[in-house]
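The chain contents come next:
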Amino acid sequence: MVKLQTRVQDTLYTFKERIKILKQLQSKQRLYAKQRANSARIYARQRAQSARKNMLKRSAKYKLLVKNIQQNWRVGNLSRGAISQGKRNLVSHYNAKKRVYARRKLTRQYIRNVNGTRTFIERWRSRYWGGRKALLSSLIIDGRNSATITSKWHGITLTEPAQQNWFDNEGYPLASRDSDTGRFVNPWLSESSNGENGLVKFLRWKVGGAWSRMLNAVGASSDNNIEKKSTDKKIDNAMKEFLHQSSSMPIAKSNSQTIQEEAISLTWIGHSTTLVTFPGDFTILTDPHFSNYAGPVRRLVPPSLRVSDLPEIIDCVLISHDHYDHLDYWSILELIESNKVKYWVVPLGIKSWLITKTGITPEDIIELEWWEGIRLTKQPCSSLPEVDKLIQAFDKVTRQWESEQAAKSTPSTNELVITCAPAQHWCSRTPFDRNQRLWCSFAVHVTPALSTSRTHSFYFAGDTGLPPDFPLHHQIGDRLGPFDLSAIPIGAYEPEWFMRESHCNPSEAVQIHQALRSRKSVAVHFDTFDLADEARDEPPKLLLEEVQRVNENIASMTGEANDRELIDMLHPPLHVDFSVIKQGERIESLK
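So, here's what we can say about the structure. (Residues numbered from 1 in each chain as written. Predicted model: local features only at pLDDT ≥ 70, side-chain atom pairs only at ≥ 80, totals over all residues. Heavy atoms only, no water.)

**Here's the deal with the overall build of the chain**
Looking only at helices and strands, one finds 14 helices and 19 strands in the chain. Here the chain, with 591 residues, has 44% of them falling under the buried criterion. Sequence-distant contacts, at least 24 apart, represent 73% of the contacts inside the chain between residues at least 6 apart. Within the structure as shown, the chain displays about 31,400 Å² of accessible surface, and the carbon and sulfur contribution to it stands at 53%. (Helix = DSSP H or I, 4+ residues; strand = E, 2+ residues; numbered from the N terminus. Buried < 20%, exposed > 50% of the residue type's maximum accessible area, 1.4 Å probe, protein only. Contact = heavy atoms within 4.5 Å. Areas by Shrake-Rupley, 256 points an atom, 1.4 Å probe, with all protein chains shown as cover.)

**A word on the packing of helix H7 (residues 329-338) against helix H8 (residues 350-358)**
Between H7 and H8, the shortest axis-to-axis distance is 11 Å and the interhelical angle comes to 70°. By the angle between their directions, the pair H7 and H8 is classed as roughly perpendicular. Contacts between H7 and H8 involve Tyr329, Ile332, Leu333 and Ile336 from the first element and Trp353, Leu354, Lys357 and Thr358 from the second. When the residues that make up the contact of H7 with H8 are grouped by side-chain class, the tally is 6 nonpolar, 1 polar and 1 charged. (Axes fitted to C-alpha atoms, helices over the stretch in contact; angles between N-to-C directions. Parallel < 35°, antiparallel > 145°, perpendicular 65-115°, else oblique. Nonpolar A, V, L, I, M, F, W, Y, C, P; charged D, E, K, R; others polar.)

**Focus: the state of the cysteines**
By definition, a disulfide is the covalent link that joins the sulfur atoms of two cysteine residues. What the rule picks out here adds up to 0 disulfides. In this structure Cys427 is a free cysteine whose sulfur lies 8.7 Å from that of Cys440, the closest cysteine sulfur available. In this structure Cys427 comes out as buried when scored by relative accessible area, which is 0%. (Disulfide = S-S within 2.5 Å.)

**Notes on the pairing of strand E11 (residues 373-378)**
For E11, the buried fraction is high: 6 of the 6 residues fall into the buried class. Burial along E11 is two-sided: Gly373, Arg375 and Thr377 and Ile374, Leu376 and Lys378, pointing in opposite directions, are all buried. Pairing between E11 and strand E12 (residues 386-391): 5 bridges, direction antiparallel. When the sheet's bridge partners are listed, Thr377 is paired in E12 with Glu386. (Pairing = 2+ DSSP bridges.)

**Focus: the sheet that holds strand E4 (residues 273-278)**
Judged by pairing direction, the sheet is mixed, and its 7 strands sit side by side in the order E10-E9-E8-E5-E4-E3-E19 without closing on themselves. Only two strands of the sheet have a single neighbouring strand rather than two, namely strand E10 (365-368) and strand E19 (586-588). Each strand of the sheet is rotated relative to its neighbour by a mean of 20°, with strand direction disregarded.

**A word on the nonpolar core**
Most often, soluble globular proteins have nonpolar side chains that are buried together. Residues Phe278, Cys316, Ile418, Val444, Phe458, Ile476 and Phe578 are the most contacted members of the largest nonpolar core, which totals 72 residues. In terms of residue count, helix H13 (residues 538-560) provides more of this core than any other element does, 5 residues in total. Once residues within four sequence positions are removed from consideration, Phe278 is found in contact with Ile264, Ile284, Val444, Val446 and Phe458. Among the nonpolar cores identified, the runner-up in size contains 27 residues, and Leu285, Leu305, Ile332 and Leu354 belong to it. (Core = buried A, V, L, I, M, F, W, Y, C linked by side-chain atoms within 4.5 Å.)

**What about the environment of Leu348?**
Examined against the element boundaries, Leu348 turns out to sit in the loop between strand E9 (341-347) and H8. What makes Leu348 partly exposed here is its relative accessible area of 22%. Residues Leu348 and Trp439 lie 91 residues apart in sequence; the distance between their C-alpha atoms is 7.9 Å. Setting aside its immediate chain neighbours within four residues, Leu348 contacts Phe184, Glu367, Leu368, Glu369, Arg437 and Leu438.

**Regarding helix H10 (residues 472-480)**
With respect to burial, H10 is a largely interior element, 7 of its 9 residues being buried. When H10 is considered as a whole, its buried residues turn out to be Leu472, His473, Gln475, Ile476, Gly477, Arg479 and Leu480.

**Concerning the pattern of salt bridges**
The final tally for this structure, using the stated rule, is 13 salt bridges. Asp484 serves as the salt-bridge partner of Arg519, at 3.7 Å between the closest nitrogen and oxygen. Taken together, the residues span a long stretch of sequence, with Arg519 in the loop between helix H12 (506-516) and strand E17 (521-524) and Asp484 in the loop between H10 and strand E16 (485-489) at a distance of 35 residues. The structure contains a network of salt bridges with shared partners spanning Asp168, Glu170 and Arg479. (Salt bridge = Lys/Arg side-chain N within 4 Å of Asp/Glu carboxyl O.)

**Regarding the sheet that holds strand E13 (residues 414-421)**
Remark on secondary structure: sheet strands pair via backbone hydrogen bonds, oriented parallel or antiparallel. Pairing is mixed across the open sheet formed by 8 strands, whose spatial order is E12-E11-E13-E14-E15-E16-E17-E18. The sheet is open, and its two borders are formed by E12 and strand E18 (578-579), each paired with just one other strand. Here strand E14 (residues 441-447) runs beside strand E15 (residues 456-460); their pairing, made up of 5 bridges, is antiparallel. Counted as the bridge partner of Phe442 is Phe460 from E15. Packing of H12 onto the sheet brings it into contact with E15, E16, E17 and E18, and relative to E16 it is tilted by some 150°.

**Quick notes on the environment of Pro311**
Tracing the backbone through its elements, the reader meets Pro311 in the loop between strand E7 (297-298) and strand E8 (314-318). For Pro311, a relative accessible area of 10% puts it in the buried group.

Here it is, written out as C-alpha cells:
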C-alpha cells in the first residue's frame, strides 16, 4: 500500500513538473513573438518613413524639373528635341493616362452595345462578301478576262517547308500561320524567319561583335579602311553634292495649297515616319514615331515635325508592324489627344493591341490581311473620308473588271484604296509574343474626282528583307504596280548574317525598287535610331554608289542592244530614280 501511494505521488510530481516546464516554454514563445512583432513594427515604421522621405524628395525633384522645363520652354532655352515628343508635357502626363483608362472603359461599353464585338468590317464581310463570291464565280464561268487567270509565278521551288494553303491558286503568298505554333510565318521562308534569330544569336551579335567594334575603335582594322579611302572620298563628294542640291527643296507645311495638284508629296519626318499628301485632298501618315526612344534605343535626330505641326485632318495612319521603332505607344497617344486621325489601318493582330493599350474606338481601326484592301471615299466639298467597302482577298479578274467599269465613267468622289501587301519581316514586342501579329507593306491608290488624270499610286515598304529565291516584290509590282512613288528602307543591315532576313541593304533596296516598277523612290529607315552595326552615313553613301552603278550598266546595255526584247525587259522604267533627302524635306512624284 505504501509503495502504491509513493508511485502515485511520484507520478503527480512529474506531471506537475512537466506542466510547469510547458508553461515556461509557452511564456518564452509569447515573449519571442512579442519581440518579433515589435521589431517588425519598428522595421515597417522605418521603411515607411524612408519611403515617405524618398517620395518627398522625388516629388520635389519632379516639381523642380517641371518648373525648369516650363521656364526653359517658355524662354526658348530648351531645344525642340531635348524632351520626348510623346512625354514632352510632363504636367499633363498623369491626366493623359487617366484619359486612356477612360477611353478603354468607354470602348468596352461601346463593343458591348454595338452589335456585340462585330465591327463594321466584320458586318460588311458577312453581308456583302456572299454576293461578292457569286460575282467572282460568274466572271470565271463566263470566261470574262480569262487570260488574266493564268499566272507566271507557278513552278517556284522553295528551300524551306511550306504548306499548300499558304499560297493561292496563282502562286501569290497569303497571310499564313504555322500549324504547330500558331505564329505568323513568311510562307517562302518559314523556318529562317520563325524564331531562328533568337536570344543565342542576339547575344552572339552583341557580345561577339563588341570585340570587333573595340578593335575598330583602337584602329586595329585601319588597313582595311585605307583600301576604301579613295572610294569613300568619291562617295562623300557625291553625297555632299546631292545634299547640297536637295537643301533647296521646300519644307512641307500643313497648308495643302502649297502642294501641286497632280503629284504625290512626301515629307520624311524621320525613320519610317512619312507624311504623304495625294491629289484629291487625301493625307496619310506612316509608322508615326515622335518620341525620343524606340524601346531602349535613343533617338539620334529629333523628329522634323511635331504632332502639332501636322495637318488638321489625317485621313489614315498606316502601321506596318508592332516593333517599337514603328509602333510607338506615346506617339499614338499624342495623335489621339490631337484628334486629327480619322482611321487607323493595321495588319492582323494590331487592332486588339490598339484597343487594349490606347482605347481607340474599334470603328476607327481597319484591320487587313495580305492582299486585302479598303476603299475610302471623300466628297469634293467634304473634309472627312468615309469607308465605302472592303476589297476582299485581291483577285486580278475582279479587280481588272472593276477598273474597266470605273474607266467608263468619271468618278464623282475622291477615292482612296489602301491594299495590305506582303513583306519579309517578323513581329514581337516582348519575348513571349513573337509573330503573334502580322507584318505588311502598303500600296495606296488615289483617284481624284472629276479628273481625267491617271490614278496616283504610292508604296510604303515598312520593314522588309529581300527574299533570296522568291520573287516577292516582283509579285507586288505585278499585282499592284507600277508605282509613282515608293518609300523603301535602306538601313539596319549589319551584321548581314543576323539582319538579312528582316532588313535590306542599299543594293537590295535598289533591286526592290526595280522589282516594284517604281518610277521614283525615296530612302527611309536610316539615320534616326542606332539599330545595327553600320555607320550612320553609310547607307546613303552605298545607295548613291549603287544607283550610279546600275544606271551606268543600264545605259551600256541599252546602248549596245539591238533587239527590242531586252529594252522591253528593262522597261518601265529604264532609269533608276532613287533619292536621298534630309529629314524634314519634301519630295514629289514625277508628273
